[in-house]
Amino acid sequence: MCAAHSCAAHPTKAGSIVSVVDQKAVELPPRISEAGVADYFALLKPRVMSLVIFTALVGLMIAPGHVHPVLGFIAILCIAVGAGASGALNMALEGDIDVLMSRTANRPIPRGRITRGEAMGFGLTLSFFSVMTLGTLVNWYAGGLLAFTIFFYVVIYTMGLKRRTAQNIVIGGAAGALPPVVAWAAATGSLSVEPLLLFLIIFFWTPPHFWALALFRSDDYARAGVPMLPVVAGPDATRLQILLYTIVLVAIAAAPWPLGYFDWIYGVTSLILGAGMLVLAIEVYRHRTGSQALRATRRLFAFSIFYLFALFAVLLLDVVAKAVAPLIW
Amino acid sequence: MDSNDKPEGDRIVLTEAQKKRRRERSIAIAWALGVLVLLFFAVTFIKGPGVLVRPV
């Protein structure tokens, strides 16, 4: 029997045209979702979201002036939900390649728990509510920036860059770097140099972080046809790029200290952590084959996560220490 | 013929697992909406009743 969409009608011997589609026979039973709350939560990319929440919290805390705790909470919540919405939309658009990669094959869409349409609806709904709530309750400057962040991640990165260029995560990294900027805007209603420094740190952190991952997952990306740098330019070129971006990252991360934006505690910590990043990036550059090469890339990937958390944690601790010190002394 | 008039065999009968998941999803949506209402209510106390009146 032919499919309903391909032969809805054809000529009979008598020359008349009659429908041969037995509607009842081709009608598929409606799909009844068995997706639970946990499946929808997984669409939000909770691990990515935790980094977004943390960097946004730092952006909010280092901003000058007083933010009412409830408004601060709402700002962080909206940024987190907006980031989650971006993740859901990303998964909806990448369901076809997620199923081909071992790293993503367990996501709710490849497993058949949630359809791409359901994920799209979920992501769009959360995007709308997160932007409108942030704009209405906090300020529209922050709301507009959050909308731009979601747009950048979904349209520019996921739909535009990801499958077209090896520079996908370099340019797309801007979306991941914006949460502290949005949080600063939520706190102050404006922008300044400090949140842009935070933006630059995350922006230049993204390539070494993701290319380290791409080095030991390059088979995955090649199978899915995603032009990550190791797939397109080869592992050696990627190792050199990782090293170069790490040098730039370490310099940019330390710059706020001599420029006078963050104090010496931050400066010294950033140099120590930066030295760690550099050593691991050099290891990745040196070891190009075998288990040593694999171990080096995995170590750089893991340390890069710690690096960003620790760098931002120092800024947070500095703010907390300055707030608490007058109460103690 | 109204769908309610269908004979029992033609109706979609949810399995227990589907019913359970649907109930879980409904409760999660209710919680989310409840939190949203509470947030707006709390902000009216912080910013005053003119929270929604602002220059564009």
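Reading the values: rules and limits
Residues numbered from 1 in each chain as written. Chains lettered and ligands numbered in written order. Predicted model: local features only at pLDDT ≥ 70, side-chain atom pairs only at ≥ 80, totals over all residues. Heavy atoms only, no water. Helix = DSSP H or I, 4+ residues; strand = E, 2+ residues; numbered from the N terminus. Buried < 20%, exposed > 50% of the residue type's maximum accessible area, 1.4 Å probe, protein only. Contact = heavy atoms within 4.5 Å. Areas by Shrake-Rupley, 256 points an atom, 1.4 Å probe, with all protein chains shown as cover. UniProt positions renumbered as here; feature names shortened; annotations may be inferred. Core = buried A, V, L, I, M, F, W, Y, C linked by side-chain atoms within 4.5 Å. Buried area = accessible area lost by both parts, 1.4 Å probe. Salt bridge = Lys/Arg side-chain N within 4 Å of Asp/Glu carboxyl O. Polar contact = N/O pair within 3.5 Å; in protein donor to acceptor, adjacent residues only side chain to side chain. Axes fitted to C-alpha atoms, helices over the stretch in contact; angles between N-to-C directions. Parallel < 35°, antiparallel > 145°, perpendicular 65-115°, else oblique. Nonpolar A, V, L, I, M, F, W, Y, C, P; charged D, E, K, R; others polar. Phe/Tyr/Trp six-rings, centres within 6.5 Å; stacked < 30°, edge-to-face > 60°.

All right, on to the overall build of chain A then. Within chain A one finds 15 helices and two strands. Across the 329 residues that make up chain A, the buried fraction comes to 49%. Looking at chain A alone, contacts between residues at least 24 apart form 71% of all its contacts between residues at least 6 apart. Carbon and sulfur atoms form 69% of the exposed surface of chain A, whose accessible area is close to 15300 Å².

Another point: the UniProt feature "transmembrane region" (unreviewed entry) in chain B. With numbering aligned to this structure, UniProt lists the feature "transmembrane region" (unreviewed entry) at residues 27-46 of chain B. Taken end to end, residues 27-46 of chain B is 100% helix and 0% strand, and its first and last C-alpha atoms sit 29 Å apart.

What follows concerns the nonpolar core. A general trend in soluble globular proteins is that nonpolar side chains are found buried together. All names here are of chain A. Counting residues in each nonpolar core, the largest one holds 86 residues, and the members touching the most others are Ile74, Leu134, Ile201, Tyr266, Tyr307, Leu311 and Phe312. Residue contacts for Tyr307: discarding those within four places in its chain leaves Trp205, Leu249, Val250, Ala253, Leu273, Gly274 and Met277. In this structure, Leu43, Ala88, Met91 and Ile109 belong to the second largest nonpolar core, which totals nine residues.

Let us look at the side chain of Lys162 of chain A. Residues and elements named next belong to chain A. Relative to the helices and strands, Lys162 is located in the loop between α7 (140-161) and α8 (168-177). A relative accessible area of 8% places Lys162 in the buried class. If we ignore the near neighbours within four places in the chain, the residues touching Lys162 are Glu94, Tyr157, Asn168, Val226 and Pro227.

Attention shifts here to the interface of chain A and chain B. Contacts between chain A and chain B engage 23 residues on the former and 19 residues on the latter. Carbon and sulfur atoms supply 73% of the area that chain A and chain B bury against each other, a total of about 1700 Å² over both sides. When the area that chain A buries against chain B is broken down by residue, the three leading residues are Ile32, Glu34 and Leu137 of chain A, summing to 29%. Between the two partners, chain A and chain B, sit zero salt bridges. At the surface where chain A touches chain B, the tally comes to four residue pairs in polar contact (both at pLDDT 80 or more).

This part covers the packing of helix α14 (residues 264-286) of chain A against helix α15 (residues 290-328) of chain A. Residue and element names in this part refer to chain A. The N-to-C vectors of α14 and α15 enclose an angle of 175 degrees; their axes lie 9 Å apart at closest approach. Taken together, α14 and α15 sit at an angle that is classed as roughly antiparallel. Among the residues forming the contact of α14 with α15, the class breakdown is 16 nonpolar, six polar and three charged.

Here the focus is the packing of aromatic side chains. All names here are of chain A. Considering all chains together, one arrives at 13 aromatic pairs over all chains under this definition. When the ring of Tyr40 is compared with that of Phe122, the centres are 5.0 Å apart and the planes differ by 70 degrees; the resulting orientation is edge-to-face. Pair noted here: Tyr40 is in helix α2 (residues 37-43) and Phe122 is in helix α6 (residues 116-137), with a separation of 82 residues, a long-range link. Given a relative accessible area of 21%, Phe122 falls into the partly exposed group. Between Phe216 and Phe301, the aromatic rings sit 5.9 Å apart at their centres with planes inclined by 80 degrees, giving edge-to-face as the arrangement. With a gap of 85 residues between them, Phe216 in helix α10 (residues 193-216) and Phe301 in helix α15 connect regions that are remote in the sequence. There is no split in this pair, since Phe216 and Phe301 are both buried.

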